Amino acid sequence: MSGRQRVVIIGGGLAGCEAAWQAAQRSVPVELFEMKPRRYSPAHESPELAELVCSNSLRSNDPGSAVGLLKEEMRRLGSLLMRTADETAVPAGKALAVDRQRFSRAVSDAVGRHPLIRITRREVEEIPPASVPLVIATGPLTSASLTASLIRLTGEKNLAFYDAIAPIVRADSLDMRIIYQKSRWDDHGPGDYLNCPFTREEYECFVTLLRESEKVALKEFEEAKYFEGCLPIEVMARRGDETLRFGPMKPVGLLNPHTGKVPHAVVQLRAENREGTHYNMVGFQTKLTYGAQKRVFRTIPGMERAEFSRLGSIHRNTFICAPEVLEPTLQMKKRPDILLAGQLSGVEGYVESMAMGLLAGINAALLAGGREALVPPRETALGALIFHLTHTDPARFQPSNINFGLFPPLGKKIPKKQRGPYRSAKALAVLDRWQRQESVRISS
Ligand SMILES: Cc1cc2nc3c(=O)[nH]c(=O)nc-3n(C[C@H](O)[C@H](O)[C@H](O)COP(=O)(O)OP(=O)(O)OC[C@H]3O[C@@H](n4cnc5c(N)ncnc54)[C@H](O)[C@@H]3O)c2cc1C
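Residues numbered from 1 in each chain as written. Predicted model: local features only at pLDDT ≥ 70, side-chain atom pairs only at ≥ 80, totals over all residues. Heavy atoms only, no water.

## Re the sheet that holds strand E11 (residues 193–198)
Spatial ordering of the open sheet is given by E10-E11-E12-E13-E9-E14, a layout of six strands whose pairing is antiparallel. Strand pairing shows two members of the sheet lacking a second neighbour, strand E10 (180–181) and strand E14 (308–310), which therefore form its edges. Judged from the six bridges that link them, E11 and strand E12 (residues 265–271) form a sheet pairing that is antiparallel. Counted as the bridge partner of Tyr 193 is Arg 270 from E12. (Pairing = 2+ DSSP bridges. Helix = DSSP H or I, 4+ residues; strand = E, 2+ residues; numbered from the N terminus.)

The structure is reproduced here in structure tokens:
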């Protein structure tokens, strides 16, 4: 549309394609840069846009789940990628899984045929100076030169290269006759952490088992050094018998009320959500195989019957420290002409990356038209993700999947089974109201 600037998007992955579509559908010309097929990241192999690099599952499609809700919100906001996922779905029970080739081809066709989108197949090595709204959506494996350019803009401390994921256990599978609740040095309250206490013998067996257990082979792009702050526990175990006891298994200040003594070592568990239904194992990032993790971690006192909702891993993941760098509109504080989208913005997962692309595309189009960018309401899944990105303590910031723990408190007691559907219904009502209130900005 005349009078509107164009929008430039770097990265034709999940977020970049969704952003391009959203901006173009709002009559804003888009220039999309994608480095494939001239250059591939170590995980990408198809020349198509919107490639799913690993699993073909977009997780639950149940609207009563957080990720199901996020999908529904995206559908209501006219997401190209959700529509394509629905059209290319394969049977997968309650999950939405897609035929990955058909999915990528269909997105590539739709984006490629849009009269307002021009695709240039080349690597962008340097962040361009401010001119038109720019969306950077180059993903967790952003090319090296663009990463260097991002570091110059954000500062090295605000850009991470490894994602260390610790396992998550279900609270109802923990043995609370052994495990005790206590924060370090806090003798007053019940404490925020659950502590699994080890005797000397138990600790020594655990360290031996860790050293002997099977590790996942590293991929070429993962072989660079780990940051000292996120060493895998098996690497720490190899460094010395006491390394873990002076690291994540440090027992000081954690008197066990069951015995009146400080244990020889502890594994600490921290609540993953406000409801306390899931806990993550603090500092337990690991490259052990999934089978080995289950075997070894079930020798931890109190975790003999542990059920894991996620197992640990470490992989290359370029992402910014969103609470330091981003506004809730996905604009960079330092350069409001730049919006970050996808995994690079600090979310985790296919659907979350697409969702941030959707928002960045809408906002880039608004900025191109000289208008103010939007922030979705916090009660929605989109808003809850944005809130996580912009309101987490920067020192503890880690990329997150969407989950109901990121939403505002419920404010009333609701039976466990009804909480998901209740939150979803509320979120969709808020989204509908927002769409009506902001209809001019959202849909034009
Ligand atoms: C190995 C691996 C496996 C993963 N598996 C899963 C999974 O199974 N399920 C899940 O939910 N999430 C998974 N993720 C996390 C995440 O959801 C995906 O990485 C997702 O594709 C992120 O979307 P994105 O749009 O941010 O980035 P991408 O989809 O990776 O898109 C980025 C695009 O930018 C291009 N690009 C990069 N640098 C430049 C440049 N300088 N100039 C031009 N183009 C450039 C790339 O070629 C790519 O096409 C995985 C991540 C990795 C690294």
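## Here's the deal with the pattern of salt bridges
Under the defined criterion, the tally for this structure stands at 18 salt bridges. Of the charged contacts in the structure, one is a salt bridge between Glu 72 and Arg 76, with a shortest N-O distance of 3.0 Å. Of this pair, Glu 72 and Arg 76 both sit in helix H2 (residues 66–76), four residues apart, which is roughly one turn of that helix. Across the pair Arg 113 and Asp 109 runs a salt bridge, and its minimum N-O distance is 3.9 Å. Note that Arg 113 and Asp 109 are positioned in helix H4 (residues 100–113) at a spacing of four residues, about one turn of the helix. (Salt bridge = Lys/Arg side-chain N within 4 Å of Asp/Glu carboxyl O.)

## Some details on the sheet that holds strand E5 (residues 95–98)
Strand pairing in a sheet relies on backbone hydrogen bonds, with the paired strands running either antiparallel or parallel. The strand order across the open sheet formed by three strands is E3-E5-E4, and the pairing between neighbours is antiparallel. Looking along the sheet, the strands with just one partner apiece sit at the ends: strand E3 (57–60) and strand E4 (89–90). Bridge count for E4 against E5 is two bridges, and the pairing is antiparallel. Paired with Ala 89 across the two strands is Val 98, which belongs to E5. Here H2 sits on the sheet and contacts E3 and E5; the angle it forms with E3, its principal contact strand, is near 115 degrees. (Contact = heavy atoms within 4.5 Å. Axes fitted to C-alpha atoms, helices over the stretch in contact; angles between N-to-C directions.)

## A few points about the nonpolar core
Grouped together as the largest cluster of nonpolar side chains are 96 residues, with contacts concentrated most on Phe 103, Val 135 and Ile 402. When residues in this core are grouped by element, the largest group, 13 residues, is from helix H10 (residues 350–368). (Core = buried A, V, L, I, M, F, W, Y, C linked by side-chain atoms within 4.5 Å. Buried < 20%, exposed > 50% of the residue type's maximum accessible area, 1.4 Å probe, protein only.)

## So, helix H6 (residues 200–212)
Along its 13 residues, H6 runs 19 Å from first to last C-alpha, staying within 8% of the 18 Å computed at 1.5 Å per residue. Three or more residues of H6 are buried, namely Tyr 203, Phe 206, Val 207 and Leu 210. Within H6, the buried residues cover an arc of 95 degrees as seen down the axis, which keeps them to one side. Exposed side of H6, more than 90 degrees from the buried face: Glu 201, Cys 205 and Glu 212 are the residues found there. On the buried face of H6, the contacting elements are E11, helix H7 (233–239), E12 and helix H8 (290–297). (Expected span 1.5 Å × (residues − 1). Arc of directions from axis to C-beta.)

## Focus on the site of the ligand
Taken together, 30 residues sit near the ligand, with Ala 15, Glu 34, Ser 143, Gln 343 and Tyr 350 positioned nearest. The side chain of Ser 143 places a nitrogen or oxygen atom 2.8 Å from a nitrogen atom of the ligand. Protein contacts shield 92% of the accessible area of the ligand, which totals 980 Å² for the unbound molecule. Contributions of two or more residues to the shell around the ligand are made by helix H1 (14–25) and H10. Its residues assigned to classes, the shell around the ligand comprises 13 nonpolar, 13 polar and four charged. (Near = heavy atom within 4 Å. Polar contact = N/O pair within 3.5 Å; in protein donor to acceptor, adjacent residues only side chain to side chain. Areas by Shrake-Rupley, 256 points an atom, 1.4 Å probe, with all protein chains shown as cover. Nonpolar A, V, L, I, M, F, W, Y, C, P; charged D, E, K, R; others polar.)

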